[in-house]
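Structural overview
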Amino acid sequence: MKLLLIPILILGLAGKLQAEHHVEVNRDKPARLYLDIYALTLQASSRSTSDSYQDSAGNATNSSVAPYLQWSTSLSYGTTIGRWQDSKGGSSHWEGVIENNSSAGTPTTNRAYLNVTYTTNVYPNIVVASQTASDGITTSPFEVNQEHVKVATPVVDSSGTYLAPPQYGESAYHLQILADTGLKQAQAKMRLDTGGKARPNTNNVYVISGSAQQIQCTKAPIPILRNPAPPGPLTIPPQQIKILGRPLAADGTLAISAGGGQSIDVTPQVAGLDYFKFLIILQTVITNQ
């Protein structure tokens, strides 16, 4: 599911503050707002049962193709665990299993894994440093995002029972039973380094702009291949997004007064939501003289 986030530009607040204070850039140690830590745990399971010989009402029937009441089951499950930290890099581990069984063949179990380490590049320029894998797997399911996730259901749940029309020249319907389960927990921690050096009784003003969108976990009707796309994300009003316990203004901005040489947790919070992605940036720094 793609997410489109647009930074909110600020003009009025920054202009007013600049009129009152001299703007200075500390070139020795500039302020920065960055993604400090991202951690993810993802568990997913999908079971599919198929009895290829049904009539239009879902009753078992004979077929011209033996073995007349053919059935098959497939179970796939996997786990992803990853952690990355600014200036330190990180690693992730994915392990997946697929079990197949049918009345016409021998049960099989396929296992695969992927271990990845990441460089110390700052977000979003995270590069794979090394990896070990089975079965020629090259794509890691671990991806660093600015998000908060705590859900116990698949983002797209296709669980259900349906009859698929005859296919491949057969005369019978295909009864499909699908069940999806999952658990995802993820958290990105954002920090503001105020830069410079701490000076007594002197605070600078750091203006942050931000936005967030709620990701909707949806029940998708089956058959899967004929589904409409799941609903897109919902924009969260800025006033519902809090940083340091304070809501953003209507224009998506927040002014923070703090001294130099500090590291401040500025991770956004949205009450009552278990799944949202966000984007915050350091828009302006106004230093007191």
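Along each chain, the written sequence defines residue order, and numbers are assigned to residues from 1. pLDDT decides what is reported in this predicted model: residues at 70 or higher carry local features, side-chain atom pairs at 80 or more are listed and counted, and totals for whole chains, interfaces and linings draw on all residues regardless. Based on all heavy atoms of the structure, the side-chain values leave hydrogens and waters out of the count.

This next bit is on the overall build of the chain. Along the backbone of the chain there are one helix and 17 strands. Any two residues whose heavy atoms approach within 4.5 Å at even a single point are treated as in contact. Taking the contacts inside the chain whose residues are at least 6 apart along the sequence as the reference set, 71% of them involve residues at least 24 apart. Of the roughly 15900 Å² that the chain leaves accessible, carbon and sulfur atoms contribute 53%. Elements are defined by DSSP. Helices are runs of H or I of four residues or more, strands are runs of E of two residues or more, and each kind is numbered from the N terminus. Values of accessible area rely on a 1.4 Å probe in the Shrake-Rupley scheme; residue burial ignores everything except the protein chains shown.

Moving on: the side chain of aspartate 193. Checked against the element boundaries, aspartate 193 lands in strand β9 (residues 173-193). The cut-offs for exposure are 20% and 50% of the maximum accessible area for each residue type, with area from a 1.4 Å probe on protein chains only; residues under the lower value are buried, those over the upper are exposed, and the others partly exposed. Under the convention used here, Asp and Glu are negative, Lys and Arg are positive, and both His and the chain ends fall outside the count. Here, a salt bridge means any Lys or Arg side-chain nitrogen found within 4 Å of an Asp or Glu carboxyl oxygen. One buried charged residue, aspartate 193, remains without a salt bridge, the closest side chain of opposite sign being arginine 32 at 4.0 Å. Ignoring sequence-local partners within four residues, the contact set of aspartate 193 consists of Ala31, Arg32, Tyr34, Gln262 and Ser263.

With that settled, the discussion passes to unusual backbone geometry. Of the consecutive residues tyrosine 123 and proline 124, the connecting peptide bond is found in the cis state with omega at 5°. Looking at the secondary structure, you find proline 124 in the loop between β4 (108-118) and β5 (128-133). Unlike most non-glycine residues, leucine 244 shows phi in positive territory, near 55°. For leucine 244, the location among the structural elements is in the loop between β13 (242-243) and β14 (246-247).

Another aspect to go through is the environment of glutamine 283. Assignment of secondary structure puts glutamine 283 in strand β17 (residues 275-286). As a C-alpha pair, glutamine 283 and leucine 254 span 29 residues in sequence and 9.7 Å in three-dimensional space. A 3.5 Å cut-off defines polar contacts: any pair of N or O atoms within that distance qualifies, except that in protein one atom must be a possible hydrogen donor and the other a possible acceptor, and neighbouring residues in sequence count only when both atoms are side-chain atoms. Of note is the side chain of glutamine 283, whose polar atom sits 3.0 Å from the side chain of serine 209.

Okay, the nonpolar core next. Here, nonpolar core means buried Ala, Val, Leu, Ile, Met, Phe, Trp, Tyr and Cys residues that are tied together by side-chain atoms lying within 4.5 Å of each other. Judged by nonpolar contacts, the single largest core of 35 residues is most densely connected at Tyr38 and Val266. Of all the elements in the fold, those that place two or more residues in this core are β1 (32-54), β4, β6 (147-151), β9, β10 (204-214), β15 (253-258) and β17. Not counting residues up to four positions away in its chain, the partners in contact with valine 266 are Leu33, Met190, Arg191, Leu192, Ile208, Ile243, Ile256 and Ile280.

This part covers the packing of aromatic side chains. Only rings of Phe, Tyr and Trp enter the pairing, Trp through its six-membered ring, and a pair is recorded when the two centres are within 6.5 Å. The plane angle decides the type: under 30 degrees is stacked, over 60 is edge-to-face, the rest tilted. Inspection of every chain in the model, using the stated rule, returns three aromatic pairs. Aromatic pair tyrosine 38 and phenylalanine 142: ring centres 5.9 Å apart, planes at 55°, arrangement tilted. Of the two residues, tyrosine 38 sits in strand β1 while phenylalanine 142 sits in the loop between β5 and β6, which places them 104 residues apart along the sequence. By relative accessible area, which is 1% here, tyrosine 38 ends up buried. Given a relative accessible area of 6%, phenylalanine 142 falls into the buried group.

Any two side chains of opposite charge can pair, so long as their charged atoms come close to each other. Tallied over the full model, the rule gives one salt bridge. With a closest N to O distance of 2.8 Å, aspartate 86 and arginine 32 form a salt bridge. Taken together, the positions of aspartate 86 in the loop between β2 (71-85) and β3 (89-102) and arginine 32 in strand β1 put the pair 54 residues apart, joining distant regions of the chain. Under the relative-accessibility criterion, arginine 32 is labelled partly exposed at 31%.

Along the polypeptide, threonine 80 turns up in strand β2. Overall, the relative accessible area of 3% leaves threonine 80 in the buried class. The sequence separation of threonine 80 and phenylalanine 142 amounts to 62 residues, and the corresponding C-alpha distance is 6.9 Å. Beyond its immediate chain neighbours, meaning those up to four positions away, threonine 80 contacts Leu40, Thr41, Leu42, His93, Trp94, Pro141 and Phe142.

Quick look at the environment of lysine 150 now. Mapped onto the elements of the fold, lysine 150 is located in strand β6. Lysine 150 gets classed as exposed once you look at its relative accessible area, which sits at 52%. A sequence separation of 33 residues divides lysine 150 from leucine 183, and the C-alpha atoms of the two residues are 7.8 Å apart. The residues contacting lysine 150, other than those within four sequence positions of it, are Lys184, Gln185 and Asp274.

This part is about the side chain of glutamine 85. Within the secondary structure layout, glutamine 85 lies in strand β2. Apart from the residues within four sequence positions on either side, glutamine 85 is in contact with Asp36 and Ile37.

This next bit is on the confidence of the model for the chain. In this model, the chain carries a mean pLDDT of 83, and residues with pLDDT of at least 70 account for 83%. Low pLDDT, under 50, characterises residues 1-27; the stretch is placed with 53 contacts to residues that sit more than four places away or in other chains. Values of pLDDT, which run from 0 to 100, indicate the predictor's confidence residue by residue.

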